[in-house]
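Each chain is listed here by its residues.
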Amino acid sequence: MSIAVRTDGLTKRYGRSTAVAGVQLEIESGEIFGLVGPNGAGKTTTLRMLATLLPPTAGDAEIGGHSVRRDPDGVRTVIGYMPDTFGVYDDMRVWEYLDFFGRCYGMTAARRRQMIGDLLELVDLADKKGEYVQDLSRGMQQRLCLAHALVHDPQVLLLDEPASGLDPRARVELRELLRELRALGKTILISSHILPELEELCTSVAIIDHGRLLASGRVEDIADRFRVGGVYRANVLGSDEKVGHAEQIFAGLKDVVSVVRRPGGLLELALRGDENTAATVLSGAIRGGVKLSSFAPAASDLEELFLQITNTPEVHA
Amino acid sequence: MTALAAGLAQRGGRIGGRVGHALGRFWSGISAVSIKELRGRMRGRRAFVVLTIYLLLLGLFAFAIYVYLKQQAATTLINNGFGNGFPPPDFGGFPGTGQTLGNGTALSAGIGHGIFGGLLILETLLVLVLAPAFTTGAISLEREKQTLDLLVTTPLSTLGIVIGKLFSALVYVFLLIIASIPLASLVFVFGAVGPDDLVRAYLFLFALAFGMGALGLFVSALVRRTQTATVLTFVLVLVLSIGTAAAHQFWQVAARSTSSSSGLLLTSRSGRAPEALLWLNPFVADLDMVCATAPDTYHLSCEYVSGVTGRPYFGSPTNTQTFPGVLKGAPVPSVPFRGGGGVIVNDSGAGVAPETAPPVPVAGVDCAPNVRCAMPPETGANQALSFGFPRDTFWPKSATAFLVLGVVLTLLASQLVSPTRRLRISRPKFRRPQPPKTIEPDEPVAVENAS
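Model, not experiment: these values are computed from the prediction. (Residues numbered from 1 in each chain as written. Chains lettered and ligands numbered in written order. Predicted model: local features only at pLDDT ≥ 70, side-chain atom pairs only at ≥ 80, totals over all residues. Heavy atoms only, no water.)

Asker: Just give me the short version of the pattern of salt bridges, but keep the residues and values in it.
Answerer: What the rule picks out here adds up to 24 salt bridges over all chains. A salt bridge links A:Glu247 to A:Arg261; the shortest N-O distance between them is 3.7 Å. On the criterion of sequence distance, the pair formed by A:Glu247 in helix H9 (residues 240-252) and A:Arg261 in strand S12 (residues 256-262) is long-range, its members being 14 residues apart. You can call A:Glu247 partly exposed: its relative accessible area is 24%. Three or more residues are tied together by salt bridges with common partners; here these are A:Glu96, A:Asp99, A:Arg103, A:Arg112 and B:Arg39. (Salt bridge = Lys/Arg side-chain N within 4 Å of Asp/Glu carboxyl O. Helix = DSSP H or I, 4+ residues; strand = E, 2+ residues; numbered from the N terminus. Buried < 20%, exposed > 50% of the residue type's maximum accessible area, 1.4 Å probe, protein only.)

Asker: Got a sec to walk through the pairing of strand S10 (residues 212-218) of chain A? Specific residues and values, please.
Answerer: Residue and element names in this part refer to chain A. Of the pairings in the sheet, the one linking strand S9 (residues 204-209) to S10 comprises six bridges and is antiparallel in character. Across the sheet, valine 205 pairs through a bridge with glycine 217, a residue of S10. The loop that links S9 with its antiparallel partner S10 comprises two residues; one of these, histidine 210, has a positive phi angle of about 50 degrees. (Pairing = 2+ DSSP bridges.)

Asker: Can you explain the pairing of strand S8 (residues 187-192) of chain A? Please cite residues and give values.
Answerer: Residues and elements named next belong to chain A. The element S8 is largely enclosed, with a buried count of six among its six residues. Across five bridges, strand S3 (residues 32-36) lies against S8 in parallel orientation. Looking at the pairing, valine 36 lines up with serine 192 of S8. Relative to S8, strand S7 (residues 156-160) is paired through five bridges, and the arrangement is parallel. Directly across from aspartate 160, in S8, lies its bridge partner serine 191. For the crossover from S7 across helix H6 (residues 168-183) to S8, the handedness is right-handed. (Right-handed = clockwise from strand over helix to strand, strands pointing away.)

Asker: So, the nonpolar core: which residues are in play, and what are the values?
Answerer: Counting residues in each nonpolar core, the largest one holds 99 residues, and the members touching the most others are A:Leu50, A:Leu158 and B:Met212. Element by element, the count of residues in this core is highest for helix H9 (residues 195-222) of chain B, at 16 residues. With near-sequence residues (within four places) excluded, A:Leu50 lies in contact with A:Val5, A:Thr7, A:Leu10, A:Ala61, A:Ile63, A:Val68, A:Val75, A:Ile79, A:Leu158 and A:Leu189. A:Val36, A:Ile116, A:Leu174 and B:Leu150 belong to the second-largest nonpolar core, a separate cluster that totals 51 residues. (Core = buried A, V, L, I, M, F, W, Y, C linked by side-chain atoms within 4.5 Å. Contact = heavy atoms within 4.5 Å.)

Asker: Tell me about the interface of chain B and chain A, and name the residues and values.
Answerer: Counting from both sides, the interface comprises 28 residues of chain B and, opposite them, 35 residues of chain A. A buried area of about 2700 Å², summed over both sides, lies between chain B and chain A, and 56% of it is on carbon and sulfur atoms. For chain B, the biggest contributors to the area lost against chain A are B:Arg43, B:Leu150 and B:Thr153; these three give 23% of the whole. In this assembly, chain B and chain A are joined by three salt bridges. Notably, a salt bridge pairs B:Arg39 with A:Glu96, separated by 3.8 Å at the nearest N-O pair. Applying the counting criterion to the chain B and chain A interface returns three residue pairs in polar contact (both at pLDDT 80 or more). Every element with two or more residues in the side of chain B that touches chain A is listed here: helix H1 (2-42) and helix H5 (148-152) of chain B. Broken down by element, the residue count for the side of chain B that touches chain A peaks at eight residues, all from H1(B). Grouping the constituent residues of the side of chain B that touches chain A by class yields nine nonpolar, nine polar and 10 charged. (Buried area = accessible area lost by both parts, 1.4 Å probe. Polar contact = N/O pair within 3.5 Å; in protein donor to acceptor, adjacent residues only side chain to side chain. Nonpolar A, V, L, I, M, F, W, Y, C, P; charged D, E, K, R; others polar.)

Asker: Can you explain the sheet that holds strand S1 (residues 3-14) of chain A? Please cite residues and give values.
Answerer: Residue and element names in this part refer to chain A. Taken in spatial order, the four strands make up an open sheet running S2-S1-S4-S5, and their pairing is antiparallel. Single-partner strands in this sheet number two, and they are strand S2 (17-28) and strand S5 (66-67). When S1 meets strand S4 (residues 58-63), the two strands line up antiparallel, connected through five bridges. Its bridge partner lying in S4, arginine 6 is registered against glutamate 62. Taken strand by strand, helix H1 (residues 43-50) contacts S1, S2 and S4, and its axis lies near 120 degrees from that of S1. (Axes fitted to C-alpha atoms, helices over the stretch in contact; angles between N-to-C directions.)

Asker: Which residues make up the confidence of the model for chain A, and what values go with them?
Answerer: Residues of chain A with pLDDT of at least 70 account for 88%, and the chain-wide mean is 82. Ignoring residues within four places in sequence, the model shows residues 313-317 of chain A, a span with pLDDT below 50, making four contacts including any to other chains. (pLDDT = per-residue confidence, 0-100.)

This is how it looks when you write it as structure tokens:
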């Protein structure tokens, strides 16, 4: 497996504030890589640097062997970029939109015609060919924007929040589309703050917060690294004070990585170790006087992992 | 040896390929962007409705000038009667203080001159408004609608993008300008304006459109929001068209008050405001061209341009020092035909340039202002006399200034489109101190992203 994207200490500062701080990533070709983090974590800045839209303050990145700093034009030929908030040109028909980008990549008329037909078929917009871009629905525009990123058949796709603002059905369609693209051998880098949309899709993830890379690698590897035995949900009986009290007691126990409070007296605990530690934690809480109506493992998924990792510094602070 | 040659050839080929590649990206930028823009701009009826309204406006304006001048001529003729020995008083060609003889030829020339001047100034005004209006959103709108990122991530060169934007906006402005040529050709019916005058006028309008379009484009690339860009662009246009004239006037008055002796206004070379201040004022260039078509030798436009350039428009070198204070009493050669920049041809048929004309005595000092003085006897039929305004003294500089402005602003705009698309002159971070004997060839200045 060759490396499609590699970043080396990629850093972006705006004056004093640091948007991205020394991100190290390696993405193998053929992967669907999820870049996950809360809003303002630096996902978009990272992607924009990879897409040669922002010059990095320090560090470098290589895509398909081209350096973002030294050979941005080379990078531009191997990437397809879809920004988080993308605009559409007014007064343009769907086929003209793709034709325009085809011209931008210097394609001949015959190749453009072929490409437009293929891409509209791929993103399921073939019957909208003659419509104005601004008349399409949000989901269709999103697919058209994805098609635009595929005009020159790039090896690497950089998709910034591709599923934001989509209804569940459109999201499923997008997921199918991305799977198809992966089957075509493309490397896909997706950013999102909504995890479920990446969960089934990604082969690897990187979790980023405050511009720092907290974890990256295969989903299973990350789980191992943080030695998370599982996420448990505890239902606390009683008033808000009681719940707050219970939260403190849980946070003070050994092997509890993080505690997240949910409405309705629900606490989510990330625990190290196996079921035995869970039993120890449970008995410790009961000894502390916490009244529980239930204590059960939650499905350990990406979102739990994400919350756990991004919450960790706060809990321990 | 052969290996070296092969290496060089390979290197040369690579450089050639790189240049060709850059040119390709440049060219596809221009073509892709301008085709896209023109598709949007020319779609539907809007473009053609604008064209129609524009031509109707120009036609109406020309007709109004025609009616006005005819009426004015009629009233002056009635007031003065015919052939009473006096030359008729001043009557308006454009813009008002020209004079004609009381015969049909001169009246007609006055109308031709008036329509030419009126159309020229109106078209200048329209170009001044429309050219920047079409470009002032070119980049900032793409930023606002977040489509610029899509463009910047393509391998197009930013200069190509910017020129494509400018070209597509200018194509439409040029269309408007060209569409007015048949209308402007109406002046040939009346006289006073030759085809060369019209060619001059249109050359200037094209240069103006280019300069102003580039101004809008530059501001659009400079400023984040279209609204701000629009306001800033038109403030700059106002500064160029009104601000420079006001500043020039102020300077001129200040310079004159310090350099004048006694009550006589002297305009020496040292007492003039710099002409370059007005190079980017399109209306002064207009006046230069209007003056050149004035059917008589005295015209307000000529007086103004003469005050700017410091060139007298009577051929006499003795008049050089007395302009413009003494002007009103200066002798006016009564030659009715296309006076503009013309030279009376003497019997031998040789034209005499203004500079070589023999001195003409100044009647000015003896003349009361606003009274027409008799021609001095020396200025007989055989006396070669150059008169009128020397042609092409100002507008070519103005047109050149607009072209240069356009080129500079276009290049600057291409640098402002994206932070990753700037010319970078890479400096070696650390230069090892060299022993003094070895002569190191100059470090080649690597220019990345040149196009």
